[in-house]
Amino acid sequence: MPIRPENLHRYPRDWPQISARIRFERARGRCECTGHCGLAHPGGRCPAIHEEIHPDTGSVVGLTTAHLNHTPEDVREINLLAACQLCHLRIDHGHHRVTRSLTLAARAAAAGQLGLLPETTLVRTEPPTPPRPTRARVPAAALHQLPFPEPDKETKPMARISVKVIPLHPDGTECTHAVSPSGKPRDPDAGCAGRRNYAVVCSSCGPVGEPHGLRVLAEPEQSKHRDGHKAALTPATR
């Protein structure tokens, strides 16, 4: 996450190196959140991977380093967590609310309005988890009245389709290694030749178009192909 200018002095000078070690050496480029953000992740750990599409938000993941106690001076490994943007924002949500309330109180005091604010103890609160959608149950007595479709006109549910941008080695094989922003491998002994191109791959159609030299050039084609599947999607009849 971006560091506020007024907080830069609180970070150690080697913070970029510390953050990179946590994100790419310890976490191997994957979000380390196991419920710190208040969400229950499938398999116990957030599946978001650096520079890939987030499975929940649909945006490109930019892995960050979060301070669990919200103290930038504390750079112990036990206090640092590699986190995607979604998990980092939820981890800091309560702290941001307290900080904002204190800032507003300070502004009011400077304006001579301190007496208008009640004396309260600010407590960190977690953001509410959105309720899961529930499907209304149909009484058993009314099941025989439901209009069932004819067998030849019944529409089957469409399988879930994913459209991803896959990084490729110079020889055209998929690259799954941790790399630097320039595309070069971080571990010289990993046998990775670096990332040369980025291909759009659909789980239903296979490769889409030609590979691109930059990820940002492949993303418009990814969105266009995904929108095409959404437009052709027909709700299943039960």
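If you're wondering where the values come from, they're calculated on a predicted model, not measured in any experiment. (Residues numbered from 1 in each chain as written. Predicted model: local features only at pLDDT ≥ 70, side-chain atom pairs only at ≥ 80, totals over all residues. Heavy atoms only, no water.)

Enquirer: Would you mind going over the pairing of strand β2 (residues 80-83) in detail, with residue names and values included?
Expert: Taking every second residue as pointing to the same face, both faces of β2 are buried, with Leu-80 and Ala-82 on one and Leu-81 and Ala-83 on the other. Note: strand β1 (residues 64-67) against β2, four bridges, orientation antiparallel. Bridge pairing in β2 links Thr-65 to Ala-82. (Buried < 20%, exposed > 50% of the residue type's maximum accessible area, 1.4 Å probe, protein only. Helix = DSSP H or I, 4+ residues; strand = E, 2+ residues; numbered from the N terminus. Pairing = 2+ DSSP bridges.)

Enquirer: Describe in detail the nonpolar core, supporting the description with residues and values.
Expert: Of all hydrophobic cores here, the largest spans 18 residues; its most connected members are Cys-31, Cys-33, Cys-46, Ala-48, Cys-84 and Cys-87. Those elements giving two or more residues to this core turn out to be α1 (15-26), β2 and α2 (85-91). No other element matches β2, which puts four residues into this core. Discounting residues that sit within four places of it in the chain, Ala-48 has contacts with Gly-29, Arg-30, Cys-31, His-54, Pro-55, Val-61 and Cys-84. Membership of the second largest hydrophobic core comes to seven residues, among which are Val-163, Val-200, Cys-202 and Val-208. (Core = buried A, V, L, I, M, F, W, Y, C linked by side-chain atoms within 4.5 Å. Contact = heavy atoms within 4.5 Å.)

Enquirer: Describe a nonpolar patch on the surface, with residues and values.
Expert: A cluster of nonpolar side chains, Leu-214, Val-216 and Leu-217, forms an exposed patch at the surface whose accessible area comes to about 290 Å². Of note, Leu-217 is situated in helix α4 (residues 215-232). For Leu-217, a relative accessible area of 48% translates into the label partly exposed. (Patch = residues over 30% accessible without salt bridge, like charges linked within 9 Å, V, L, I, M, F, W, Y side chains within 5 Å. Areas by Shrake-Rupley, 256 points an atom, 1.4 Å probe, with all protein chains shown as cover. Salt bridge = Lys/Arg side-chain N within 4 Å of Asp/Glu carboxyl O.)

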